[in-house]
Amino acid sequence: MQVLSVAVAGASGYAGGEILRLLIGHPEVTIGAVTAASSAGDPLGRHHPHLAPLADRVLQPTTAETLAGHDVVFLALPHGASAALARQLPDDVTVIDCGADFRLVDPAAWQEFYGSEHAGSWAYGMPELVIEGGVKQRTQLAGATHIAVPGCYPTASSLALAPAFATGLATGDVVIVAASGTSGAGKSLKPHLLAAEAMGSMSPYGVGGVHRHTPEIEQNLSRAAEHTIAVSFTPTLAPMPRGILATCSAQLAHGTTAEQARAAYLNAYDDETFVQVLPEGVWPTTAAVLGSNNVQLQVTVDERVGRLIVVAAIDNLTKGTGGGAVQCLNLARGFDEHLGLPTTGVAP
Ligand SMILES: NC(=O)c1ccc[n+]([C@@H]2O[C@H](COP(=O)([O-])OP(=O)(O)OC[C@H]3O[C@@H](n4cnc5c(N)ncnc54)[C@H](OP(=O)(O)O)[C@@H]3O)[C@@H](O)[C@H]2O)c1
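Everything numeric here is computed off the predicted structure, so don't read it as measured data.

J.: Which residues make up the site of the ligand, and what values go with them?
T.: Taken together, 31 residues lie near the ligand, and Gly13, Ala36, Ser39, Gly99 and Gly186 sit nearest. Sorting the residues of the shell around the ligand by element identifies α1 (14-24) and α10 (318-332) as the ones contributing at least two each. Sort the elements by how many residues they give to the shell around the ligand and α1 lands first, with three residues.

J.: Tell me about the sheet that holds strand β8 (residues 170-180), residues and numbers included.
T.: If you trace the seven strands from one edge of the open sheet to the other, you get β9-β10-β8-β11-β14-β13-β12, paired in mixed fashion. Looking at the sheet topology across the chains shown, the edges are occupied by β9 (203-204) and β12 (275-277). Where strand β13 (residues 295-302) lies against strand β14 (residues 307-314), eight bridges are found, and the strand directions are antiparallel. Bridge pairing links Gln296 to Ala313 in β14. Most of the contacts of helix α9 (residues 258-269) go to β13, to which it runs at about 155°, and overall it touches β12, β13 and β14.

J.: Any chance you could break down the packing of helix α6 (residues 152-166) against helix α8 (residues 214-225) for me, citing the residues and the numbers?
T.: α8 packs onto α6 with a crossing angle of 20° between their chain directions and a minimal axis gap of 8 Å. Accordingly, the angle class assigned to the pair α6 and α8 is roughly parallel. In this structure, the crossing between α6 and α8 has a hand that is right-handed. Across the interface between the two elements, Pro154, Ser157, Ser158, Leu161, Ala162, Phe165 and Ala166 from α6 touch Glu216, Ile217, Asn220, Leu221, Ala224 and Ala225 from α8. Of the residues contributing to the contact of α6 with α8, the split by class is nine nonpolar, three polar and one charged.

J.: Lay out the nonpolar core with the relevant residues and their values.
T.: Counting 100 residues, the largest nonpolar core has Phe74, Leu161 and Ala312 as the members making the most contacts within it. Residue-level mapping places this core at the junction of two domains, with at least three residues from each of domain 1 (4-149 + 319-332) and domain 2 (153-316). Residues within four places of Ala312 in sequence aside, it is in contact with Ala156, Leu159, Ala160, Ala246, Cys248, Pro284, Val295 and Leu297.

J.: Explain the sheet that holds strand β5 (residues 94-97) to me, and be specific about the residues and the numbers.
T.: One key point about sheets: their strands pair by backbone hydrogen bonds, in either a parallel or an antiparallel sense. On the basis of which strands lie adjacent, the open sheet formed by seven strands has the order β3-β2-β1-β4-β5-β7-β6 and parallel pairing. Strands at the two margins of the open sheet, each flanked by one partner only, are β3 (60-61) and β6 (123-124). As paired strands, strand β1 (residues 4-9) and strand β2 (residues 29-36) are joined by five bridges and run parallel to one another. When the bridges of β2 are listed, Ser5 appears paired with Thr30. The sheet strands contacting α10 are β4 (72-75), β5 and β7 (146-148), and the helix crosses β5 at an angle near 155°.

About the cut-offs
- Sequence order as written defines the numbering, with residues in each chain counted from 1.
- With pLDDT at 70 or above as the cut-off, local features in this predicted model cover only qualifying residues; side-chain atom pairs require 80 or more to be listed or tallied, and sums for whole chains, interfaces and linings still use all residues.
- Nearness here is judged by the C-beta atom: place it from the backbone, and if it falls within 6 Å of a molecule or strand, the residue counts as near that partner.
- Starting at the N terminus, helices and strands are each numbered in turn, a helix being any DSSP run of H or I of at least four residues and a strand any DSSP run of E of at least two.
- DSSP-based pairing: two strands are paired if at least 2 bridges between them are found.
- C-beta atoms are first placed from the backbone for all residues, and any pair lying within 7 Å is then listed as a contact.
- Throughout, an axis means a line fitted to C-alpha atoms (over the contacting stretch in the case of helices), and angles, computed between N-to-C directions, take values from 0 to 180 degrees.
- Each angle receives one of four descriptions, namely roughly parallel if under 35 degrees, roughly antiparallel if over 145, roughly perpendicular if within 65 to 115, and oblique otherwise.
- Should the near helix be turned anticlockwise from the far one by less than a right angle, the crossing is termed left-handed; should it be turned clockwise, right-handed.
- Only Asp, Glu, Lys and Arg are considered charged, only Ala, Val, Leu, Ile, Met, Phe, Trp, Tyr, Cys and Pro nonpolar, and every remaining residue, Gly among them, polar.
- Note on terminology: a nonpolar core is any set of buried Ala, Val, Leu, Ile, Met, Phe, Trp, Tyr and Cys residues joined through C-beta atoms within 7 Å.
- Burial in this document is a count-based property: other C-beta atoms within 10 Å of a residue's C-beta are tallied, and the residue is buried at 20 or more, exposed at 12 or fewer, or partly exposed in between, with C-beta positions derived from the backbone.
- Domain ranges listed in this record stem from an automatic or a database domain assignment.

Spelled out as structure tokens, the structure:
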């Protein structure tokens, strides 16, 4: 198979840097243009000193002209920037967007949470998601030319709850509280992300059903359930650079036992390399997935209140964006789905 030329837009940012880290180890691609906005003209090494093989590459301006001519373009830009750029790229370029622009199918949900014109929707890049008919979303990704990579919280939360809705174990009343490391907010300067503010403290944000990932999680769980599911989602900021720990709960179908719940999850994810249902009694931690493309899950039942409890851990930059994006590339272009993707983390 021919080696693909790949460009990364937003290469100076956290998501772009993670995509490049993984592409450096991918045997079927050659890295072409790396582009940025205010950092155009800088050597990449100034922004990502850990990407030693690419340290001398110069960041180019993010334009359609710079990106065209590659087989694949990854967009790792602030939401709203992808749609206009994607429209200018030739049709034969595979475009994989890490932003939100093309994730939501419902224009009204986009308008409510983003307040701008809906750009449309692309194939949704979460291969392991159980969807309508009990099949997995990867069936929609083979040969796709335009892919919307999921948000980081939706990756953890949807994979945590979709099997329960697909099998009817969960009936509704979804509550998700998730903690994210500070890299989830990108690398532009924000006062609340200063070490003095963020270290040694946990804080909620986007409280009251207003976080933009809410409709995306609802879209995913509704597909699994095949009817509308509403979600109460509260994100929190944790004093760590990377990682998401999502604690997800839902009303349980009457009489369901912890053993039945566990069996449903093992059944859903037994064949999945990147989604691991941990041994009974072992709970996920963000440390255990750091730098890997893994999702680690544990499931149980709170019998006293009749609720299903699922906890999921991911690295927001790997499975939560860059790893998910490379997995989509593999599926879209017919490579082994696991190519270039780490299943081992970094510890301590
Ligand atoms: N961080 C995560 O954990 C995560 C997880 C899932 C999805 N995502 C999504 O991935 C995308 C990138 O996030 P990030 O965390 O990498 O953000 P980031 O660290 O702030 O990086 C943003 C990148 O976009 C460039 N940029 C900024 N404004 C631009 C514009 N108007 N036009 C073109 N390029 C522009 C920046 O260039 P300069 O540095 O030169 O200004 C930088 O390269 C976002 O849509 C985000 O929602 C992020």
